[in-house]
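So you can see what is in the structure, the chains are spelled out below.
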Amino acid sequence: MSLNNKNSELGSKKLTRRGLILFGAQAGFMGLLGFRLHYLQVNQAEEFRLLAEENRINIRLLPPARGLIFDRNGAPLAENSQNYRIIMVRERAGDAAAVLKRLSKIIPLSEDDRAAVLKNLKRRSDFVPITVAEHLTWQQLSAVSANAPALPGVTAEVGLTRHYPTSQDFAHVVGYVGAVSDYDLSRIDDPDPLLQIPKFQIGKSGVENKIERRLRGFAGSKRIEVNAVGRVMREIDRKEGQSGINVHLTVDAHLQNYVQARLAGQSASAVVMDVKNGELLAVGSAPSFDPNKFVSGFSIAEYKELNENPYRPFSNKATQGTYPPGSTFKMMVALAALADGVIKPDEKITCRGYHELGNQRFHCWKRGGHGRIGLRDSLKQSCDVYYYEVCQRVGIEKIAAMARQFGMGQRHNLPLNGVASGLMPTKDWKRKNRQADWLIGDTLNASIGQGFVLASPLQLATMVSRLATGRAVVPKLLRNVDGVATSTQAAPALDIPASVLAAVRDGMFAVSNERRGTGYSSRVAEKSMRMAGKSGTSQVRRITAAERRAGVTRNEDLPWKRRDHALYVAYAPFDDPKYAVAAVVEHGGGGSRFAAPIVRDIMLEALYNGKPPASAYPASQRTRIKNERKKLNLRENEA
Amino acid sequence: MSYLVHNVKTMPTGIGKILHLNWPLVLLISAVASIGILMLYSVAGGSFDPWASAQAKRFGLGIVLMIGVAFVPVWFWRNVSGLAYALTLLLLFGVEFFGEIRMGAQRWLDLGFIRLQPSELMKITLIMALATYYDWLDVEKISKPVWVLVPLVIIAVPMLLVVKQPDLGTALLLGVGGVCLMFVAGVHWGYFAGAILSVTGLVAAVILSRGTGWQLLQDYQYRRIDTFLDPSSDPLGAGYHITQSKIAFGSGGWGGRGFMQGTQSQLNFLPEKETDFIFTTLAEELGFVGGISLLLLYALIILFCVISGLSNRDRFGALITLGIATTFFLFFAVNMSMVMGLAPVVGVPLPLVSYGGTAMLILMLGFGLVQSAHVHRPR
């Protein structure tokens with residue numbers, strides 16, 4: 001190539017010029033980069049710094065400890081027990097299958113369990129801890145810890161889980177907790193972020209459900225730093241939450257345990273109330289179930305069995321069950337009539353065994369009738385005809401008004417599910433709900449606690465408490481919430497003359513303590529503890545005239561569902577009333593035969609604070625009672 | 001120019017050549033590389049493995065390579081550039097048929113004892129070929145259409161092959177680098193004006209035709225453009241990288257979060273932090289101060305190359321120096337633009353700093369050529 005000086009000089013100049021232009025453009029662009037850098041890092045620094053923080057900081061909730069529930073003496077009814085868990089982190093375990101196999105030699109871990117855990121491990125990221133086993137014993141946990149070197153990636157954790165030490169006794173009252181469901185969430189307005197935690201336990205029934213918000217407490221929070229895949233790097237800070245508040249109920253665990261044992265084997269319920277302040281000492285319903293199963297898990301077979309049991313273990317018969325009160329209602333009629341002045345206490349009426357109304361006959365339970373009978377004896381022997389006569393004189397409206405003063409037909413405000421309001425019918429009620437006029441026959445039926453009248457054992461106990469004290473005492477279940485005792489104001493007095501109350505009380509005394517009284521066989525021998533009661537036997541079926549002619553079929557010969565309910569109510573001691581007890585045995589038969597003994601036993605148990613002496617019972621019954629008590633499934637008997 | 005032209009007395013010979021190296025350039029390159037190694041230490045979470053130590057070793061090798069190439073007289077490189085270009089072209093063809101895909105983009109050739117990325121090599125050999133062409137061509141013929149077509153073909157063929165790899169980013173940079181060299185060589189500015197106008201027209205056509213029956217790109221390609229223009233519209237998908245990168249820049253602030261304290265990088269919010277996005281890590285940890293310093297270092301490298309090039313009276317030497325400098329500029333400018341959200345993500349590494357052996361070595365080879373031109377410049 002020959003050298004062309006002129007050309008090369010020209011080319012060289014051009015090159016220099018072009019080179020400078022190019023460099024100038026490059027420098028300009030670098031300036032642009034510099035400005036952009038400045039913009040991002042200095043002008044927009046705040047905004048981006050904030051976004052960087054949002055990337056890496058996560059807020060996790062710290063679930064609070066749930067409030068505890070105690071009985072009146074401080075015995076725990078619902079507590080948080082430590083749930084020992086084994087968790088595994090795959091990235092530290094190495095050969096997960098082998099580690100699990102070794103683990104299965106220490107704690108019960110079947111092949112299926114192991115396969116399930118391995119599947120879970122594969123599904124989640126390497127660093128997410130997976131639960132391997134729960135509800136371990138302390139021994140099992142120690143064994144796992146002792147073998148830690150051979151079990152890489154396996155750690156023990158302690159969680160809190162709800163536990164009911166009294167098991168079946170308070171299943172209906174305290175209720176139970178369970179995992180939050182979509183249904184629960186749809187019914188709650190304020191979405192507490194705690195409810196989003198999977199398997200968070202909330203109260204589903206009973207006190208656990210009604211005082212849920214205060215028992216739950218408030219969540220704490222911790223701020224943690226995470227990386228892009230969500231792995232926790234470190235905790236930055238934390239704010240402790242607030243544990244749920246503790247609740248003391250008015251119930252007595254010992255008494256309740258006795259009540260449940262005494263009712264066992266039947267479809268029955270009983271309520272024990274303090275007549276002075278309305279505190280409920282026992283609210284028993286049999287059969288019951290183990291609420292711990294709701295926490296740990298029912299087997300399908302178990303749950304099916306409970307659900308299909310005709311005795312309905314899941315329902316709280318004491319507060320939800322409504323029954324025709326039968327003869328236990330007669331006190332209301334007597335009070336109404338006396339207060340209204342349509343009858344005097346010593347006025348006598350003739351009972352021929354039936355009462356004719358138009359062309360209908362209303363029968364007394366005693367075929368031949370009671371003859372000439374006054375108020376006292378009408379209660380003592382439970383004559384129906386007396387009341388057929390008297391109720392017509394006073395009228396349903398006044399009877400209803402009197403009954404309402406005693407809490408009948410009203411829903412008492414308790415922290416329980418579905419507390420029944422029962423039914424106290426009136427003419428208006430029938431017009432509105434049956435689109436029919438009230439008939440005199442309805443009044444007659446109502447006067448003996450049949451027909452439309454319905455009451456729950458709770459309402460019966462309330463009724464008797466008010467009768468015993470003459471005050472409008474209100475049932476209470478909460479004794480102490482978060483250290484604050486519920487108010488103990490004296491209930492207002494009922495607007496009923498003292499003499500009227502005295503006359504009726506006297507009749508009840510006769511029922512329990514005099515020879516022809518329907519409750520005599522269930523009397524108390526100890527004079528200072530004598531009861532005043534009333535039996536009731538409520539029909540669930542219609543007895544036809546034909547059946548009456550042939551002879552009314554006995555309860556024992558009928559299928560269970562067609563037998564009469566057995567009821568008994570009482571208060572004691574008569575001279576200085578303390579407690580009222582109401583018991584209902586579904587389809588139990590005669591009230592005096594089947595409900596009265598239950599009430600007596602429960603009453604004495606309450607009065608003597610557990611273990612009543614043999615002397616409280618009539619001499620002839622002492623051995624039998626002693627043997628019966630031994631057979632009961634009581635906690636004391638388990639020792 | 002043959003060696004006979006030069007004044008043999010003034011040309012440095014033997015080991016003494018070492019004194020005539022462009023030392024400022026060497027120092028600047030080493031400084032940048034050291035920063036790179038430091039950042040790789042940081043993104044590895046405070047450890048020399050797996051990136052920092054490997055990079056350091058390769059840089060060491062690179063220095064040796066650079067000095068080796070510098071010692072070889074520049075006219076030798078001029079004579080072999082045609083061959084080098086042809087060989088690289090052959091390798092590119094080879095990659096088409098025998099290559100394996102890595103990271104979904106660049107294709108490599110596994111020759112058993114060494115793994116080559118021909119597209120990287122092409123960056124240098126293309127410049128060499130073009131420089132040789134313009135050194136050979138008479139100055140007055142430069143702007144004649146025929147003689148303009150030839151270099152265009154020289155550029156276009158490897159470009160197409162690289163695009164097929166597929167590696168759009170590298171292909172575009174090859175193209176722009178080549179065209180810049182044509183500009184410096186003195187091709188009439190009219191050609192460039194015409195080209196710019198047609199490109200603008202094309203872009204306008206693409207944008208305006210969107211939504212009509214004649215739209216020039218596919219829908220998903222338009223969406224890519226949308227995401228580029230507003231990465232926040234798809235923060236978890238396509239816009240994720242850029243959004244995270246911008247956050248990292250911002251969170252660095254003026255003075256940075258501190259070495260190894262960059263939360264975006266350390267906590268893995270930033271993907272590709274050891275390659276494409278390493279500048280982001282640097283900006284987050286060392287702040288604006290750190291970022292602008294690196295930019296300044298790069299600018300100085302360019303400056304010293306340009307000074308050396310413009311003062312080199314040998315046409316080939318000047319062209320090759322300016323060509324290499326421009327290539328270097330394009331790569332770091334595009335990378336920085338990309339990570340700062342000024343350009344779409346095209347997967348271009350930051351030269352001398354991003355982790356990557358082949359790119360580093362090829363670059364050192366290029367700087368070797370610059371040094372060779374400098375050492376052997378006519379005095």
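Please read all numbers here as calculations on a predicted model, not as lab measurements. (Residues numbered from 1 in each chain as written. Chains lettered and ligands numbered in written order. Predicted model: local features only at pLDDT ≥ 70, side-chain atom pairs only at ≥ 80, totals over all residues. Heavy atoms only, no water.)

Enquirer: So what's going on with the overall build of chain B? Residues and values would help.
Expert: Scanning chain B from terminus to terminus reveals 13 helices and three strands. Within chain B, the proportion of its 379 residues that are buried is 52%. Long-range pairs, those at least 24 residues apart, make up 72% of the contacts in chain B between residues at least 6 apart in sequence. As displayed, chain B has an accessible area near 16300 Å², and 71% of this comes from carbon and sulfur atoms. (Helix = DSSP H or I, 4+ residues; strand = E, 2+ residues; numbered from the N terminus. Buried < 20%, exposed > 50% of the residue type's maximum accessible area, 1.4 Å probe, protein only. Contact = heavy atoms within 4.5 Å. Areas by Shrake-Rupley, 256 points an atom, 1.4 Å probe, with all protein chains shown as cover.)

Enquirer: I'd like to hear about the pairing of strand β20 (residues 565–572) of chain A, residue by residue, with values.
Expert: Residue and element names in this part refer to chain A. β20 sits mainly inside the fold: eight of its eight residues count as buried. Burial along β20 is two-sided: the residues H565, L567, V569 and Y571 and A566, Y568, A570 and A572 are all buried. Bridge count between strand β19 (residues 532–538) and β20: seven bridges; the pairing is antiparallel. Looking at β20, one finds that G536 is bridged to L567. (Pairing = 2+ DSSP bridges.)

Enquirer: Provide a residue-level description of the packing of aromatic side chains, including the pertinent values.
Expert: All chains considered together, the criterion is met by 29 aromatic pairs over all chains. When the ring of F328(B) is compared with that of F367(B), the centres are 5.3 Å apart and the planes differ by 65°; the resulting orientation is edge-to-face. Taken together, the residues F328(B) in helix α12 (residues 315–339) and F367(B) in helix α13 (residues 357–375) connect sequence positions 39 residues apart. Comparing F328(B) with F367(B) shows no difference in burial state: the two are buried. Pairwise contacts between aromatic rings join F29(A), Y298(B), F328(B), F329(B), F332(B) and F367(B) into one cluster. Sitting above the plane of the Y354(A) ring, R361(A) keeps its charged end 3.7 Å from the centroid. (Phe/Tyr/Trp six-rings, centres within 6.5 Å; stacked < 30°, edge-to-face > 60°. Lys NZ or Arg CZ within 6 Å of the ring centre and 35° of its normal.)

Enquirer: Now, about the sheet that holds strand β21 (residues 579–585) of chain A: what can you tell me, with residues and values included?
Expert: Residue and element names in this part refer to chain A. Taking strand neighbours across the sheet as the criterion, the five strands line up as β12-β11-β21-β20-β19 in an open arrangement whose pairing is antiparallel. A strand with exactly one partner marks an edge of an open sheet, and here the two such strands are β12 (280–286) and β19. Within the sheet, the average angular offset between the axes of one strand and its neighbour, ignoring direction, is 5°. Bridge analysis of β20 against β21 gives seven bridges, and the strand direction is antiparallel. Following the sheet pairing, Y571 is matched in β21 by A580. Taken strand by strand, helix α23 (residues 591–607) contacts β11 (268–274), β19, β20 and β21, and its axis lies near 35° from that of β20. (Axes fitted to C-alpha atoms, helices over the stretch in contact; angles between N-to-C directions.)

Enquirer: With reference to specific residues and values, describe the sheet that holds strand β1 (residues 57–62) of chain A.
Expert: All names here are of chain A. Spatially, three strands are ordered β1-β8-β9 in an open sheet, and the strand pairing comes out antiparallel. The sheet is open, and its two borders are formed by β1 and β9 (232–239), each paired with just one other strand. Pairs of neighbouring strands in the sheet enclose a mean axial angle of 30°, with direction left out of account. Relative to strand β8 (residues 220–226), β1 is paired through six bridges, and the arrangement is antiparallel. Residue pairing across strands places I57 opposite E225, the latter belonging to β8.

Enquirer: An account of the packing of α12(B) against α13(B) is needed here, citing residue identities and associated values.
Expert: All names here are of chain B. Contact pair α12 / α13: the axes reach a minimum separation of 9 Å and the direction vectors enclose 150°. The angle between the axes of α12 and α13 places the two elements in the roughly antiparallel class. Considering the relative orientation of α12 and α13, their crossing is left-handed. Residues G317, I320, T321, I324 and F328 of α12 pack against L363, G366, F367, L369, V370 and A373 of α13. For the contact of α12 with α13, a count of residues per class yields eight nonpolar, three polar and no charged. (Parallel < 35°, antiparallel > 145°, perpendicular 65-115°, else oblique. Left-handed = near helix turned anticlockwise from the far one by under 90°. Nonpolar A, V, L, I, M, F, W, Y, C, P; charged D, E, K, R; others polar.)

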